[in-house]
Structures are given as structure tokens and as C-alpha cells.
Amino acid sequence: MPYISPPRKAEAELVGAELPNYSSDQTVGQSKGFSHIPPPAPAEGARPNYQVPCLQLWLILPSAMAFSELMDRVGSNGPFQFLNLVLLGLPILNLANHNLLQIFTATTPAHHCHPPPNASEGLWVLPKDQNGKPEMCLRFIHLPNASLPNDTQGATEPCLDGWVYDLSTTSSIVTEWDLVCSSNKLKEVAQSLFMAGTLIGGIVLGDLSDRFGRKPVLTCSYLLLAASGSSAAFSPSLSVYMVFRFLCGWSISGIVLSTAILNVECVSIQTRAIMSTLMGYFYTAGQFLLPGLAYAIPQWRWLQLTVSIPFFAFFLLSWWIPESIRWMVVSGKFSKALKILRRVATLNGKKEEGEKLRMEELKFSMQKEISLAKAKYSVADLFRTPNLRRVTFCLSLAWFSTGFAYYSLAMGVEEFGVNLYFLQLIFGGVDIPAKFIAVLSINHLGRHITQSCALLLAGGSILALIFVPSDLPTLRTALAVFGKGCLSSSFSCLFLYTSELYPTVIRQTGMGISNLWTRVGSMAAPLVKITADFQPFIPNVLFGTITLLGGSATLFLPETLNRPLPETIEDIETWSWQTNKPKQEPEAKEASQRIPLHPCGPGPDPC
């Protein structure tokens, strides 16, 4: 008589596992991967009927691994992330020099009208304004003389023969092309065109990044910024200078967009905020660097060239920056994505774990993104569903108000009556505690509260400037520094918050549109300053009110603290506003992924 194994032993032999001991509280006939129907218990005194148990085979699929879990396997907080942070952060260190460069290259020194050619040598008398100070844009037609009629002694005229500048400290585009008096608005136009470049670059490069990858856009942006910035130093005219500055702004958008994505994509969920804030500190350090460079290099052309040449080196270093793994998988470049993952594992000391990764596992872990890769998404999709539409509107207003107010303060350093270099150091220094407080608040209170408070406090401090007279420069400077610190915190939070709110399939487009709005705000800020010619308080009213509106809008956004990045538009609609969504039980999750290979059914021969 052939040997018939009792129940569960055949099952254990099939899977090659050890036969577990039976216990009274253990469900007979169940184990991972298989189940069987136990034979009915024999009647009392009857002979047991040993039959081969009816085995029901199940293929238990591994639970779909999120991308963050995949990164945890190869290391999400190791040497690779540190190296990636340094390679991405060094260009950001020098990016502040370009954003704030016109504070020093467009400074307006003391000046007055050049005497007419027929003026006699000696002291040239200047007319006085209502405050008793020498006029900078008017001169006497005739020198005051007792022999002249009374009605001609005070007659003045514009500076028809140019201006005389105090060049003891610095030279600038203002002194180069006489951007004073009636032409002083051209200085603000030059800064607005620079910001217009960042605006248009955000639109175009965001789409190109989704099509061709983050790394090509980043690398080309480094090269374009190096070339256009260096060319601006040799500009023969103001119009040529504006064109090159426009291209500088264009390239900066590509750098900012790609850096923000590549910086947080390969780190754990818990350290996203820290990595984003550390990247912000690179920008802060650049603000400390700029005043020292400007003081050491007073000639604006040499200063322009000095801050541009390093980007040629960054262009070469960018070849060491890996492409976005998410983008490669979604684009069907599985072998290259797997190669990068194994490289990450090797650098993080997990080479064996990296060698275990297989192409099928990579495809399965990101099957949702792959299935949606064929779908084409555009800007219109940001407004297609209710929740995503709300996210887009609220984030747009937050980004606009932050850029609008930030550059009103950052580019208005000359207005506070304090030493230009010293005040710029203070403006840069306030970012250190501001970003530190922001990262603590982001990780403990959440993105939602941090973003709202930062903008509301900044708006209040700007409005308070209206009521502080100009003869109290210390108080005005303190309010401006506080407001600038709040806006720096807002920027730190916004980059992280936006990347967490937009799903993977349209994240880069969403980041591009968000950057577009902050560039619209920064482009409008210099032009709004021109309204001070009508009433001095108008600019601060506009800057403060818009910032308060931006802070109010963020109150309608959901919290993203400790949540995985959304992958599809449907994810936003299902989890964004469900703060207490219950987690799926492990047993139910496993059961939902069991596929019967040969189901048993009723009847005399169920198997």
C-alpha cells in the first residue's frame, strides 16, 4: 500500500518548507501560499479514510511596493543622497548672486547735473529741493547773479549735458547708461525683464523636462546661464544687456525646477523637509557671498563675469548627477533605472541588496505610473478635477504673493538708508533662523500651518512699514528683515509642499506653473515700485495686501505631513482631504492580492 502523507505534510513538501508543529489553536490546513480542504472527521469507531487532501493553490502576489519603499531598500539616507545634495547645492549657492545681482550692479550713486559747456570754471551752484538738498535732475539756466533780472535768477532746466557721478565706491549700469532722473525706470524694467525670463523659462522648460528628462534640462540650463551671464558682462548697450539678462532668467528656471525635483525624489519621506531646507541654506550662503564679492569687485562688468563663469564648471559636474529614476521608469527606460538603483545601493553600502533587484520587480513596484505613462498631461489637467483645481488655485496665489513680496524687500535694500553691504548681510543672515524654524514647524506642525503663518506674518510686517516714518530707519529695517525672513520660510515650505501636492504624472508641470506665478510676482514687483511716484505708501499697500491673500488661500490646502507622494490625479481626489483615512489591514491587503491558480469547486471531484 502506498504511503499517503497526512494533511499539511504534502503541502509543506510542495513549497519545500519545514512542516510546522500542530497546535490546538492553529487553523489546520492553512499556510502561506497554499490552502486545502481537510477531510471530514470519521465517525466514532470508524476507520479513518486517508485520502490525498484537496489542495487549493494560490499565487500570493507581493504587495505593490511604493517607490519610497524601493528607495529604502537601496538606501534613502546615505552617501549617495549627500553627494547628490552637494552636486545640486553648489550651483544654488551661486544662484543668489544672479537673482540679487542688480542690487549692486544697478546701484545709483550720488549725482548731479553736468555743467553746460560754456560754464565758467569754478564752483557750480546747484538748485535746492524742498528738503534743502541739492537737486539731482535740475540745474540753473543762469548762475544766480545780482545783475540778472529777478525772474530769471531761479530758472532751471533738465540735465541736458549728462550727469556727474560719485564713482568713489562703485560703478554700475546706472552710471554706464545714465539710468537716472527720467530714465530711472529703465533700471526697474531691466530687473522685470530678468524675471520675465524666469517666467517664460518655467513654462517652456517644465514641459521639456517632462518630455526629455530632468537631467538634460538641468545640464543645458547650467550652460546657458554661464554663456548668457558672461556675455552680459560685455554688453555694448542697455538693450543688449537686457536680452542677456532675460536669457539668464530663462536658464535659472530650468535649474530651480529640476533641482527641486531631483533633491527630494531619492530620499525618505521623513527627511524630505530636511533636504529641502538644506538646499535652501545653499541659497542663503550665496546671499552672504554676494556682498563680499560686490565689495571686492566694484566694477559691475567684472562682478557680472565673476558670478557667471562658475556655471561652466557646474555644467561639467552635472554629468555626475543621475537622472530621475521615477521619470526613467515612467518613460520605459527600465534598464537604465535599474542601473542607477544599483549604483545608489553600491554608494550606500547595500550592493547585495541592489543586485537582488530585478526588472520585473521594478516594473511591478511602479505599475501604476507605467500604466499611465501613455496618457499625455498638459496644463489643462491641473484644472480638470475639483481637488486638483483647488490645489492649483491656492498654490498659484501663494507662489505669486511670495515672489511679489520677497523681491519687493530684497531688491529695495537701498530704500532703508542703511549701508548697502551691511544690510544685505543682515537680509541674508535672517534666512538662517527663518529656515531653521521653518523646518521644525514643517516636521512638527505640518506644511499647512507653516505656510499660512509665514505669509500672514510677512504681509502684516509689510503693511506696518506704511506707519513707520522714514526718520526711523532702524525700526523700518527691523520690520523689513522680519518680513523677509518670513518670506524665506514661505519659499522653503512652498517648494516641498508643492512637490508633495502634485501627483507624479504632472508634478513637473505643476512645479513649472507654480514657478511661473512666483516669477509673475517678482516681475511685477519692480514695476509696482514705480507707483511710489504718485503716493509713497501705494507699493507697500499692494505688497502687504496680496501677501495676506496668499496666506489666507493656503488655509484651504490639505496637510501632506508623513504622506507618500501622490502618483496619479486620482490619488489627489481620494486622499488629499481625508486626514484620517483608515489603513488597510495587512490580512485584507494580502487577501486582495491572492489569485487562485486552480480553484476547488463543489461536486464529487472538486479537484
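Residues numbered from 1 in each chain as written. Predicted model: local features only at pLDDT ≥ 70, side-chain atom pairs only at ≥ 80, totals over all residues. Heavy atoms only, no water.

K.L.:
I keep staring at the pattern of salt bridges and nothing clicks. Help me out?
P.N.:
Under the counting rule described, the total for this entry stands at five salt bridges. Note that D381 and R384 form a salt bridge whose closest N and O atoms lie 3.0 Å from each other. Note on R384: relative accessible area 44%, which makes it partly exposed. Between D431 and K484 there is a salt bridge, with its nearest N and O atoms 3.3 Å apart. Of the two residues, D431 is situated in helix α20 (residues 431-444) and K484 in helix α22 (residues 473-501); the sequence distance between them amounts to 53 residues. For K484, a relative accessible area of 1% puts it in the buried group. Look at the salt bridges and you will find they share partners, linking D431, K435 and K484 into a network. (Salt bridge = Lys/Arg side-chain N within 4 Å of Asp/Glu carboxyl O. Buried < 20%, exposed > 50% of the residue type's maximum accessible area, 1.4 Å probe, protein only. Helix = DSSP H or I, 4+ residues; strand = E, 2+ residues; numbered from the N terminus.)

K.L.:
Honestly, helix α24 (residues 538-553) in this entry has me stumped. Any pointers?
P.N.:
Helical geometry note: an α-helix holds 3.6 residues per turn, so side chains three or four residues apart project in the same direction. Taking 1.5 Å of rise per residue, the 16 residues of α24 would be expected to cover 22 Å, and the 23 Å separating its terminal C-alpha atoms lies within 8% of that figure. Regarding α24, the residues found buried are P539, N540, F543, G544, T547, G550, G551 and A553. Contacts made by the buried residues of α24 are with α18 (386-410), α21 (447-464), α22 and α23 (507-529). (Expected span 1.5 Å × (residues − 1). Contact = heavy atoms within 4.5 Å.)

K.L.:
I keep staring at the UniProt feature "transmembrane region" (unreviewed entry) in the protein and nothing clicks. Help me out?
P.N.:
Per the UniProt record, the feature "transmembrane region" (unreviewed entry) sits at residues 240-262, 274-296, 302-321, 391-409, 421-442, 454-472 and 478-497. As annotated, residues 478-497 comprises 100% helix and 0% strand, and the C-alpha atoms at either end are separated by 28 Å. (UniProt positions renumbered as here; feature names shortened; annotations may be inferred.)

K.L.:
It is not clear to me how the packing of aromatic side chains should be interpreted in this structure. Could you clarify?
P.N.:
Aromatic ring pairs are reported here in terms of the distance separating the ring centres and the angle at which the planes meet. Applying the stated criterion across every chain, the model contains 18 aromatic pairs. With a centroid separation of 5.5 Å and 85 degrees between ring planes, the pair formed by Y295 and Y421 is classed as edge-to-face. Here Y295 is found in helix α10 (residues 272-296), whereas its partner Y421 is found in helix α19 (residues 420-429), with 126 residues between them in sequence. For Y295, a relative accessible area of 63% gives the class exposed. Members of the aromatic cluster, each reached through a chain of ring pairs, are W399, Y406, Y407, F491 and F495. We note R245 situated over the ring of F194; from NZ or CZ to the ring centre the distance is 4.1 Å. (Phe/Tyr/Trp six-rings, centres within 6.5 Å; stacked < 30°, edge-to-face > 60°. Lys NZ or Arg CZ within 6 Å of the ring centre and 35° of its normal.)

K.L.:
Can you help me understand a nonpolar patch on the surface in this one?
P.N.:
On the surface, a nonpolar cluster with roughly 560 Å² of combined accessible area is contributed by L90, L316, L317, W319 and W320. Among the structural elements, L316 can be located in helix α12 (residues 310-317). Exposure remark for L316: the relative accessible area of 55% places this residue in the exposed category. (Patch = residues over 30% accessible without salt bridge, like charges linked within 9 Å, V, L, I, M, F, W, Y side chains within 5 Å. Areas by Shrake-Rupley, 256 points an atom, 1.4 Å probe, with all protein chains shown as cover.)

K.L.:
It is not clear to me how the nonpolar core should be interpreted in this structure. Could you clarify?
P.N.:
As a rule of thumb, nonpolar side chains are buried together in soluble globular proteins. Grouped together as the largest cluster of nonpolar side chains are 86 residues, with contacts concentrated most on L95, I255, F311, L395 and F427. The greatest single-element share of this core, amounting to 13 residues, is contributed by α18. Residues M71, F80, I325 and L338 belong to the second largest nonpolar core, which totals 18 residues. (Core = buried A, V, L, I, M, F, W, Y, C linked by side-chain atoms within 4.5 Å.)

K.L.:
I would appreciate a short explanation of the environment of F400 in the present structure.
P.N.:
With respect to the secondary-structure elements, F400 resides in helix α18. Assessed through its relative accessible area of 17%, F400 is described here as buried. Note: C-alpha distance between F400 and I546 (146 residues apart in sequence) is 8.6 Å. Beyond its immediate sequence surroundings of up to four residues, F400 is in contact with W517, T518, V520, G521 and I546.

K.L.:
I tried to follow the side chain of S401 on my own but got confused; where do I start?
P.N.:
Summarising the element assignment, S401 is placed in helix α18. Separated by 3.0 Å, the side chain of S401 and the backbone oxygen of A398 make a polar contact. In this structure, S401 is in contact with L455, I546, T547 and G550, ignoring residues within four places of it in sequence. (Polar contact = N/O pair within 3.5 Å; in protein donor to acceptor, adjacent residues only side chain to side chain.)

K.L.:
For this particular structure, what's the right way to read empty space enclosed by the protein?
P.N.:
Any space left empty among the atoms is revealed by the rolling of a water-sized probe across them. All chains considered together, the criterion is met by five cavities of 30 Å³ or more. Empty space within the largest cavity amounts to approximately 470 Å³. As for the largest cavity, its lining consists of 26 residues, and the residues nearest its centre are V256, G280, Y283, F491 and F495. Among the elements of the structure, α3 (79-99), α9 (238-265), α10, α18, α20, α22 and α23 are those that each provide at least two residues to the lining of the largest cavity. (1 Å grid on protein atoms, 1.4 Å probe; cavity = no way out; pocket = protein on both sides within 12 Å on 5 of 7 lines; lining within 4 Å. Points joined across faces, edges and corners; volume = space filled by probe spheres on them.)

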